[in-house]
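Structure assessment
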Amino acid sequence: MWWFLTISLLTLLYYIWQKQGSMGKKYLICMPHLPILGSLPYMNFHDPAHVYFTKLKEKYGNTFAFWMGPQYSVVVNHFSAAKEVLLKKGKDFASRPRMVTTDILSGSGKGIAFSEYGPQWRMYRKLVQSSFSLLKDGSQKLEKLICQEANTLCKSLAAAQGKIQDPATDIFLASSNVICQFCFSSSWNKDDEDFEIMMDYSNNILKTLCKDSLVDIFPWIQLFPNKDLALLKDSVTLRNELLKKKLEIQKEKFNIDSVNNLLDALLKAKLDSDNPLVQEPEITDEHILMTVGDIFGAGVETTSTVVRWCIAFLLHHPQVKEEIQKEIDQKIGFGRTPVLSDRNQLLHLESTIREVLRIRPVAPLLIPHMAWTDTSIGEYTIPKGTRIYINLWSIHHDPTQWNEPERFMPERFLDKNKDQLIIPNASYFPFGSGPRVCVGEFLARSELFLFLAWILQRFDLEVPDDGELPSLDGLSGVVFQIIPFKLKVKLRKGWREAELSA
C-alpha cells in the first residue's frame, strides 16, 4: 500500500508544481503526461516522428507541447510559428539541447552543429562562413572543384553503363571529395582505406543519432549496456582518429601567409587566439576537430542523399527527366559541360531540385532548437530550456499552403509561363532559416545542380530489367535517407556521338 501512496503523493505534488508555475501565463495545449515518463506512454512509435507530429496537429493544433520524459518540448507544424521561432525571435531559440548522443558526437557541445548559442558558437560559425570565400577565386574556385568531382562521378557511372548498379558509393565519394577539398585541399579514391572508414562511421552515426532514444530522454540509462551507444562511441572514435591524422598533416604544411582551406583558417584563428591581447574565445585542437567533423557530417550525407532522392523521383517520373534533358540539349548541347550560371537556363532541373527538397526534406524535424531564455511563440509562454521541434515535413506538406502536397510537381516552382523560377509561398525553407540556417546551403545547392546536370547531360537513367522502382518511403532519422536502390545507366546517343567526334 505504501508504494501506491508514494506515487499518489508524487503525482499530486507534480500537478501542484505545474499549476503554480503557470499562474498568470498562457501555455500551449499539451499532450497527456505522467510524472517522470511524461507523454511517452501516450505516444505512437510506429510512425516516424515527423509523420506522427503532423497527424497530431488535427487534435492539438499547429503548435502544441508534450513532455519527452522530464523534458518540456514543443512541436511547430506551421510556417508562421516556425518563422517566428527561426527568424523573428531567432536568437531566443538559437541554442541546442544537450543530449547524450550529441554530446558524444560533438565532444560535449563543441563545433557548430550542436553547440549552445553564445560567443564561441558565433566565432566558429563565422570562421566557417569566411572559409567559403577561399573557394571563390583562383585554383580553389568552388565551381571548378565541384565540376572536377562531377566529372569523376560521371566516369565511374560510365564504367558500369548498361549494368545494374547502385550509385550510392559513387555519389557519396563525389560529395565527400568536395568537402574534403574545402577542409583539407585533398581528396580520396574509392578504394582508399580512409574513405571506406569514413563511409562506415558516417552510416553508423546516422543510425544512432538524434532518434530520441531512451538514453537521450533518461541519461542515467547510459550506465547500463547499450549496443547503439557503443556503436556511436566506436564510430565517433574512428572519425576523430581520421580527422586527427588530417590535422597533423595540415599542421606540418601550415603557412600563416597561405590560408587555402578550412583547417588552415582554423589553425590561423588558433594562433591569433593565443595572443593575450586578442579577446576571443579559446580555440583548441578538439574544437577544430569537432568543427571539421560537423562540416563533414552536415555536408556529405545530406547532399549525396538528396542527389539519390532526385534520381529516384526521376525514375518514377520519366517525363520530368525527359523535359530536363530536352532543356539541357537546347540550352547547353553536348559541346560543353554545365556550369553554375546555367541555373537560370535549366529551369526544369532547378525546379525539380526544389520540389525534391520540399517533398522529401533532408532533415524533416531539422536539428532540435532550444530556448535559452524565457520567451514566447505567439501568445504562449515558452520557458527557458524548452526543446523546439520544427516539423519541416508538416510545413512542406501543408494542404493549406501547397496544392496537392503529396504529388511530385516540379512545375509548382515555375511561374504560369514556365519561364521563371519562383518560390510559390512562404512555407518553404529546406535548409532552415535564421541564426542556425545551414551554413553550407550555397555549397549544397551548387553541388545538387552541377552533379545532376552533368549526369543528365550524359546519361539516360532507367529502371532495372525487373521493373523495380525505388521506394519513396525513406528511412527516418536526423537525415531522411532513401532506401538503397539500383538502376541502369546508359550513355545518351548525343553525348556518345560528341565524344567520338571530339
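Described below are features of the structure shown in this document.

Rules behind the numbers
- Residues numbered from 1 in each chain as written.
- Predicted model: local features only at pLDDT ≥ 70, side-chain atom pairs only at ≥ 80, totals over all residues.
- Heavy atoms only, no water.
- Helix = DSSP H or I, 4+ residues; strand = E, 2+ residues; numbered from the N terminus.
- Rg over C-alpha atoms; globule rule 2.2 N^0.38 Å.
- Buried < 20%, exposed > 50% of the residue type's maximum accessible area, 1.4 Å probe, protein only.
- Contact = heavy atoms within 4.5 Å.
- Areas by Shrake-Rupley, 256 points an atom, 1.4 Å probe, with all protein chains shown as cover.
- Axes fitted to C-alpha atoms, helices over the stretch in contact; angles between N-to-C directions.
- Parallel < 35°, antiparallel > 145°, perpendicular 65-115°, else oblique.
- Left-handed = near helix turned anticlockwise from the far one by under 90°.
- Nonpolar A, V, L, I, M, F, W, Y, C, P; charged D, E, K, R; others polar.
- Phe/Tyr/Trp six-rings, centres within 6.5 Å; stacked < 30°, edge-to-face > 60°.
- Pairing = 2+ DSSP bridges.
- Core = buried A, V, L, I, M, F, W, Y, C linked by side-chain atoms within 4.5 Å.
- Patch = residues over 30% accessible without salt bridge, like charges linked within 9 Å, V, L, I, M, F, W, Y side chains within 5 Å.
- Salt bridge = Lys/Arg side-chain N within 4 Å of Asp/Glu carboxyl O.

So, about the overall build of the protein chain. A tally of regular secondary structure across the protein chain gives 18 helices and nine strands. Against the compact-globule benchmark of 23 Å for 502 residues, the protein chain has a radius of gyration of 24 Å, which places it among compact chains. On the principal axes, the C-alpha backbone points of the protein chain span a range of 90 × 60 × 40 Å. By the burial criterion, 53% of the 502 residues in the protein chain qualify as buried. Put simply, 74% of the contacts in the protein chain that link residues at least 6 apart link residues at least 24 apart. For the protein chain, the computed accessible surface area is about 23000 Å², with 55% contributed by carbon and sulfur atoms.

On to unusual backbone geometry, then. The backbone of leucine 366 sits at a positive phi, close to 50°, despite the residue not being glycine. With respect to the element layout, leucine 366 can be found in the loop between helix H15 (347–359) and strand S4 (369–370). The phi dihedral of glutamate 404 is positive, around 45°, even though this residue is not glycine.

As for its placement among the helices and strands, glutamate 462 is situated in strand S8 (residues 459–462). Of the residues examined, glutamate 462 reaches a relative accessible area of 30% and is grouped as partly exposed. With 216 residues separating them in the primary sequence, glutamate 462 and lysine 246 have C-alpha atoms 39 Å apart.

Here we come to the packing of helix H6 (residues 142–159) against helix H7 (residues 168–184). At a closest axis distance of 9 Å, the pairing of H6 and H7 adopts a crossing angle of 160°. As the angle between them shows, H6 and H7 are arranged roughly antiparallel. Between H6 and H7 the crossing geometry is right-handed. Two secondary-structure elements touch here, H6 through Leu145, Ile146, Gln148, Glu149, Leu153, Ser156 and Leu157 and H7 through Asp170, Ile171, Ala174, Asn177, Val178 and Gln181. Tallied by class, the residues present in the contact of H6 with H7 amount to seven nonpolar, four polar and two charged.

Residue position: aspartate 285 is located in helix H12 (residues 285–299). A relative accessible area of 26% places aspartate 285 in the partly exposed class. Measuring from C-alpha to C-alpha, the distance between aspartate 285 and lysine 244 comes to 8.7 Å, with 41 residues separating the pair along the chain. Excluding anything up to four places from it in sequence, aspartate 285 contacts Leu247, Lys251 and Lys270.

In this section: the packing of aromatic side chains. Enumeration according to the criterion identifies 21 aromatic pairs in this entry. Between the aromatic rings of phenylalanine 53 and phenylalanine 66, the centroid separation amounts to 5.4 Å while the plane-to-plane angle is 40°, which identifies the pairing as tilted. In this pair, phenylalanine 53 sits in helix H2 (residues 49–60) while phenylalanine 66 sits in strand S1 (residues 63–68), placing the two residues 13 residues apart along the sequence. Owing to a relative accessible area of 4%, phenylalanine 53 belongs among the buried residues under this scheme. Under the relative-accessibility criterion, phenylalanine 66 is labelled buried at 0%.

Next up on the list: the sheet that holds S4. As summarised here, the arrangement of the four strands in space is S1-S2-S7-S4, forming an open sheet in which the pairing is mixed. The open sheet has two edge strands, S1 and S4, and neither has a second partner. In this sheet, strand S7 (residues 387–390) lies alongside S4 in antiparallel orientation, the contact comprising two bridges. Within S7, the residue paired with methionine 370 across the bridge is arginine 387. Contacting S1 and strand S2 (71–76), H2 runs over the sheet at an angle of about 115° to S1.

Right, let's get into the nonpolar core. Ranked by internal contacts, the top residues of the largest apolar core, which has 106 residues, are Cys183, Val292, Phe296, Ile311, Leu349 and Leu461. A total of 11 residues in this core trace back to one element, the largest contributor, which is helix H17 (residues 441–458). Apart from the residues within four sequence positions on either side, leucine 461 is in contact with Ile311, Leu315, Lys321, Ile455, Leu456, Leu487, Lys488 and Val489. In this structure, Ala81, Val85, Leu366 and Ile388 belong to the second largest nonpolar core, which totals 21 residues.

Glancing now at the packing of helix H11 (residues 262–273) against H12. Helix packing for two helices is described by the angle between their axes and how far apart those axes are. The geometry of H11 relative to H12 is characterised by a closest axis approach of 11 Å and an angle of 155° between their N-to-C directions. Here H12 runs roughly antiparallel to H11, going by the angle between their axes. The handedness of the crossing between H11 and H12 comes out as right-handed. The residues of H12 that touch H11, namely those facing Leu262, Leu263, Leu266, Leu267 and Lys270, are Asp285, Ile288, Thr291, Val292 and Ile295. Its residues assigned to classes, the contact of H11 with H12 comprises seven nonpolar, one polar and two charged.

Of note, histidine 396 is situated in helix H16 (residues 392–396). With relative accessibility at 0%, the residue histidine 396 sits in the buried group. Leave out the neighbours within four places in its chain, and histidine 396 touches Leu357, Arg358, Pro361, Trp402, Pro405, Ser427, Tyr428, Phe429 and Pro430.

Reading across from one edge, S3-S9-S8 is the order of the three strands in this open sheet, with antiparallel pairing throughout. The sheet is open, and its two borders are formed by strand S3 (164–165) and S8, each paired with just one other strand. Sheet analysis places S3 next to strand S9 (residues 487–491), joined by two bridges and oriented antiparallel. Each bridged residue has a counterpart across the sheet, and for isoleucine 164 the counterpart in S9 is lysine 488.

What follows deals with the pairing of S7. Covered by surrounding structure in S7 are Arg387 and Tyr389 together with Ile388 and Ile390, the residues of both alternating faces. Taken together, the four bridges between S2 and S7 define a ladder with parallel strand orientation. Among the inter-strand pairings, valine 74 is bridged to a residue of S7, identified as isoleucine 388.

For the rest of this paragraph, the subject is a nonpolar patch on the surface. On the surface, Leu34, Ile36, Leu37 and Tyr42 cluster together to form a nonpolar patch covering roughly 370 Å² of accessible area. Assignment of secondary structure puts leucine 34 in the loop between helix H1 (2–21) and H2. Leucine 34 gets classed as partly exposed once you look at its relative accessible area, which sits at 33%.

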